[in-house]
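If you want the building blocks of each chain, they are given just below.
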2 protein chains.
Amino acid sequence: MIYLDNSATTKPCEAAVQAMHEALENGWFNPSAAYGPAVRAEKRMWEARELLANAAGAKPDWLVFTASGSEADSLAILGSAARFHGGKRILLFAGEHPAVLRTKAQLEAMGHTVETFGAGPDGVVDLPRLVSMLDEHVALLSCMQVNNETGAIQPIEEIARLLKQANPQALMHVDGVQGFLRVPFRMERSLVDLYSVSAHKIHGPKGVAALFVREGVRIAARVEGGGQEHALRSGTENTPGIAGFAAAAQWMLSFPERAQALRAVKMRLYERLRGAVPLRVNGPDPGGESAAPHILNLSLGVRGEVMLHALEQEGVYVGTGSACSSKKREMSAAFRAMGAQKSAAETAVRFSIGMMNTLEEADEAAQAVLRCLQVYGAFQRR
Amino acid sequence: MIYLDNSATTKPCEAAVQAMHEALENGWFNPSAAYGPAVRAEKRMWEARELLANAAGAKPDWLVFTASGSEADSLAILGSAARFHGGKRILLFAGEHPAVLRTKAQLEAMGHTVETFGAGPDGVVDLPRLVSMLDEHVALLSCMQVNNETGAIQPIEEIARLLKQANPQALMHVDGVQGFLRVPFRMERSLVDLYSVSAHKIHGPKGVAALFVREGVRIAARVEGGGQEHALRSGTENTPGIAGFAAAAQWMLSFPERAQALRAVKMRLYERLRGAVPLRVNGPDPGGESAAPHILNLSLGVRGEVMLHALEQEGVYVGTGSACSSKKREMSAAFRAMGAQKSAAETAVRFSIGMMNTLEEADEAAQAVLRCLQVYGAFQRR
């Protein structure tokens, strides 16, 4: 099996599986209880918090554990909007994940105005257009770090600067689910206020994620209860998930050259295909600075779903876009945001690389793609 | 170690740990993806849904997975209140977990009026008082199945009938976190609309829980995104947690006489102490029908925290109330709801039994309690 759908989810690394097992077997006490083993469970959770905060260049007490990137996004956006006084302007990047875009109805129900800003044909935010939309009434802006479909790296630090120039009180949220530990970012050195990350995209377990909330940023809880996570997200803590999350981050950090490793696999796949078949890149130039190291979105002349299933027969697993909405038929937000043709969206195949992929897998996957394309007669072998 | 704080959390059973391990090692694909292994992950999740629904006497498609009982409660209460037109009356049992009681501020911000109803001295809801509060303006009532501190079983089916007599459109929510699989209840045969359960109280993992939403009941999502869980709770599904939850429920169901087994351990402990020391029961008569099989709350004349730490030295782990708020100093909601004296609350020790406890452990724990009380001079050995 060659798994190239790492932006949908990743295989948990052995360190994460073991950390969860240990937490389930021995560290299962309720961290809110007062006796020794419970206090130790809380201490381990604190260590996880420190490790993850360091990984994001954030402070440990900025971290609020959630169950998913989507929950982190809802908490960031709806939670901060609930604290605004009066109706405000809220700007969302048009190519966001549904976790961000679908907050629109609730934001409008709160009395806010939601506007979206688009991208250029390479999927990167159209900055001049965005600048023309900024003013002192914009209270919140959300822009993802890396687009989950095209792999476009967004200029989030520059956007944050421009936003704060227009309104120093405005909040900047970044969905970092596809960027965390694959694209350089230090929250502390940026002007970003809210940063969402997720474990299962970095070879950690599903069911655990986090929102970093910069100190001084006021947001309202979405889950009430016993006051865990600074009372921003109550509920008994998912200690095995948190242990697995931290172990996965530690495993990722053990590869100092991980972006280069991911990029090498992606570029090998791209070079093998580019030389052999007519193709179109959906997103930024794969070798350029705006392209995330791990995502390659190509239109290969055959319907994406057909390629997905043909490649599955070859033991190669890919995506056709955001797995989260892959069962829907409409053109995805990312493709709409960059003004793509319907044909490009329909024939898009997303290859997304994880830390477990090898150059040899890239070679084999490329061969499999070529075999599939031959079957479908989409190209003449040169 | 004798662990008698099972209402704070339980040790995951081996079946749950193994099911999670399997899901992490082999079943880690994203259930929303379109290829075979992902479809199989979704199928396993559906099997878990069926098993858990059967366990609750509910339908599989009523189930919405959440990360915690608190999240299930917030989704039930704030999610349904968000759908009401105009300000409504909402009634909450005064002895609820903070996950329910602390929704008050958000409910009021939505324009609703929140009122609480109390209990008799045994911790069981004061029905005549409640009836006097019911009218056609009550749109939502929340009452827990089993009180987490006193073990009082609440007459939820009768409350639901009375509520629907007053207003057939009103919704009834039950926090079943302390009752699920320990106190008989079939949601389908009741008039309950929303039922919260949690995995880690039934020897499953932390980080996964569920809200059952009866068909036709309209609630608003609290987490937006890819539309998972009937679009009521988006986010990549916690497949390992869900597998562990179902395995734990299956393990619980493998003990057909589990309530009797729990009750036997509780009564052994109670009998051993009752004959030896002056004590006061906080809650219903432990042998009576209103007492949950697994919770025994006693005042033993020594401050609860002191007893907790003294018992820890003996290798016996107990609680002083809801672990979720055990670090707070104020009298807990359950004690206030039944009009308890401050001294009773301050000296309360909660023994909560799980399926792994034995009669021998009850004997040993009772001996440990007696030794601790001797040290603190709280009683003269007879």
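The shown structure was predicted, so the numbers you read here are calculated from the model rather than taken from an experiment.

Peer 1: Help me understand the overall build of chain A, please; the structure alone is not making it clear to me.
Peer 2: The number of helices and strands found in chain A is 13 helices and 12 strands. Relative to its length of 382 residues, chain A is compact, with a C-alpha radius of gyration of 21 Å against a globular reference of 21 Å. A principal-axis box enclosing the C-alpha atoms of chain A has dimensions of 70 × 55 × 35 Å. Across the 382 residues of chain A, 65% fall into the buried class. Long-range pairs, those at least 24 residues apart, make up 74% of the contacts in chain A with a sequence separation of at least 6. If you sum the accessible surface of chain A, you get close to 13,600 Å²; carbon and sulfur atoms cover 50% of it.

Peer 1: I tried to follow the sheet that holds strand β12 (residues 348-352) of chain A on my own but got confused; where do I start?
Peer 2: Neighbouring strands of a sheet are bound in pairs by backbone hydrogen bonds; such pairs are parallel or else antiparallel. Residue and element names in this part refer to chain A. Spatially, 3 strands are ordered β9-β10-β12 in an open sheet, and the strand pairing comes out antiparallel. Sheet topology places β9 (280-281) and β12 at the edges, where each strand pairs with a single neighbour. By the bridge criterion, 2 bridges tie β9 to strand β10 (residues 295-299) in an arrangement that is antiparallel. Looking at the pairing, Arg280 lines up with Ser299 of β10.

Peer 1: Mind showing me how you'd approach the pairing of strand β7 (residues 194-198) of chain A here?
Peer 2: Within a regular strand, the side chains alternate between the two sheet faces. All names here are of chain A. In terms of burial, β7 is largely enclosed, as 5 of its 5 residues are buried. Of the two faces of β7, the one carrying Leu194, Ser196 and Ser198 and the one carrying Tyr195 and Val197 are both buried. Where strand β6 (residues 171-175) meets β7, 3 bridges bridge the pair, whose relative direction is parallel. What sits directly across from Asp175, in β7, is Ser196. In this sheet, strand β8 (residues 209-213) lies alongside β7 in antiparallel orientation, the contact comprising 5 bridges. Bridging from a neighbouring strand, Ser196 pairs with Leu211 of β8.

Peer 1: Sorry if this is basic, but what is going on with the sheet that holds strand β3 (residues 89-93) of chain B here?
Peer 2: All names here are of chain B. Read from one edge of the open sheet, 7 strands run β2-β8-β7-β6-β5-β3-β4, paired in mixed fashion. Edge positions in the sheet fall to β2 (63-66) and β4 (113-117), since each has one partner strand and no second. Each strand axis lies, on average, 20 degrees off the axis of its neighbour in the sheet, ignoring direction. Of the strand pairs in this sheet, strand β5 (residues 138-142) and strand β6 (residues 171-175) are connected by 3 bridges, and their pairing is parallel. Among the inter-strand pairings, Leu140 is bridged to a residue of β6, identified as Leu171.

Peer 1: Explain the packing of aromatic side chains to me, please; I cannot follow it from the model alone.
Peer 2: How two aromatic rings sit relative to each other is set out by the distance from centre to centre and by the angle between their planes. Scanning the model with the defined rule gives 20 aromatic pairs over all chains in all. Centroid distance A:Phe29 to A:Tyr35: 6.4 Å. Interplanar angle 80 degrees. Geometry classified as edge-to-face. Exposure class is identical for A:Phe29 and A:Tyr35. Each is buried. Taken together, A:Tyr3, A:Tyr317, B:Trp28, B:Phe29 and B:Tyr35 form an aromatic cluster joined through their ring pairs.

Peer 1: How do you make sense of the packing of helix α2 (residues 36-56) of chain B against helix α8 (residues 239-253) of chain B when you look at a structure like this?
Peer 2: Between two packed helices, what matters for the description is the angle formed by their axes and the separation of those axes. Residues and elements named next belong to chain B. At their nearest, the axes of α2 and α8 sit 9 Å apart, and the two run at 40 degrees to each other. On the basis of the axis angle, α2 is oblique to α8. Pair α2 / α8 crosses with left-handed handedness. Only Thr239, Ile242, Phe245, Ala246, Ala249, Gln250 and Leu253 of α8 make contact with α2, whose side of the interface consists of Met45, Ala48, Leu51, Leu52 and Ala55. Within the contact of α2 with α8, the residues separate by chemical class into 10 nonpolar, 2 polar and no charged.

Peer 1: Even after reading the chapter, I still don't get the confidence of the model for chain A, so can you show me in this structure?
Peer 2: Do not read the fine detail of predicted coordinates wherever pLDDT is low. For chain A, per-residue confidence averages 95 on the pLDDT scale, and residues scoring 70 or more make up 96% of the total. Reported confidences for the modelled complex are a pTM of 0.96 and an ipTM of 0.95.

Peer 1: Looking at this structure, how should I read unusual backbone geometry?
Peer 2: The phi torsion of most residues other than glycine is negative, and most of the peptide bonds are trans. The phi dihedral of A:His230 is positive, around 55 degrees, even though this residue is not glycine. Inspection of the secondary structure puts A:His230 in the loop between β8 and α8 (239-253). At B:His203, a residue that is not glycine, the phi angle is positive and equals roughly 70 degrees. In this fold, B:His203 is placed in the loop between β7 (194-198) and β8 (209-213). Since its relative accessible area comes to 2%, B:His203 is described here as buried.

Here is what the cut-offs are and how they apply
- Residues numbered from 1 in each chain as written.
- Chains lettered and ligands numbered in written order.
- Predicted model: local features only at pLDDT ≥ 70, side-chain atom pairs only at ≥ 80, totals over all residues.
- Heavy atoms only, no water.
- Helix = DSSP H or I, 4+ residues; strand = E, 2+ residues; numbered from the N terminus.
- Rg over C-alpha atoms; globule rule 2.2 N^0.38 Å.
- Buried < 20%, exposed > 50% of the residue type's maximum accessible area, 1.4 Å probe, protein only.
- Contact = heavy atoms within 4.5 Å.
- Areas by Shrake-Rupley, 256 points an atom, 1.4 Å probe, with all protein chains shown as cover.
- Pairing = 2+ DSSP bridges.
- Axes fitted to C-alpha atoms, helices over the stretch in contact; angles between N-to-C directions.
- Phe/Tyr/Trp six-rings, centres within 6.5 Å; stacked < 30°, edge-to-face > 60°.
- Parallel < 35°, antiparallel > 145°, perpendicular 65-115°, else oblique.
- Left-handed = near helix turned anticlockwise from the far one by under 90°.
- Nonpolar A, V, L, I, M, F, W, Y, C, P; charged D, E, K, R; others polar.
- pLDDT = per-residue confidence, 0-100.

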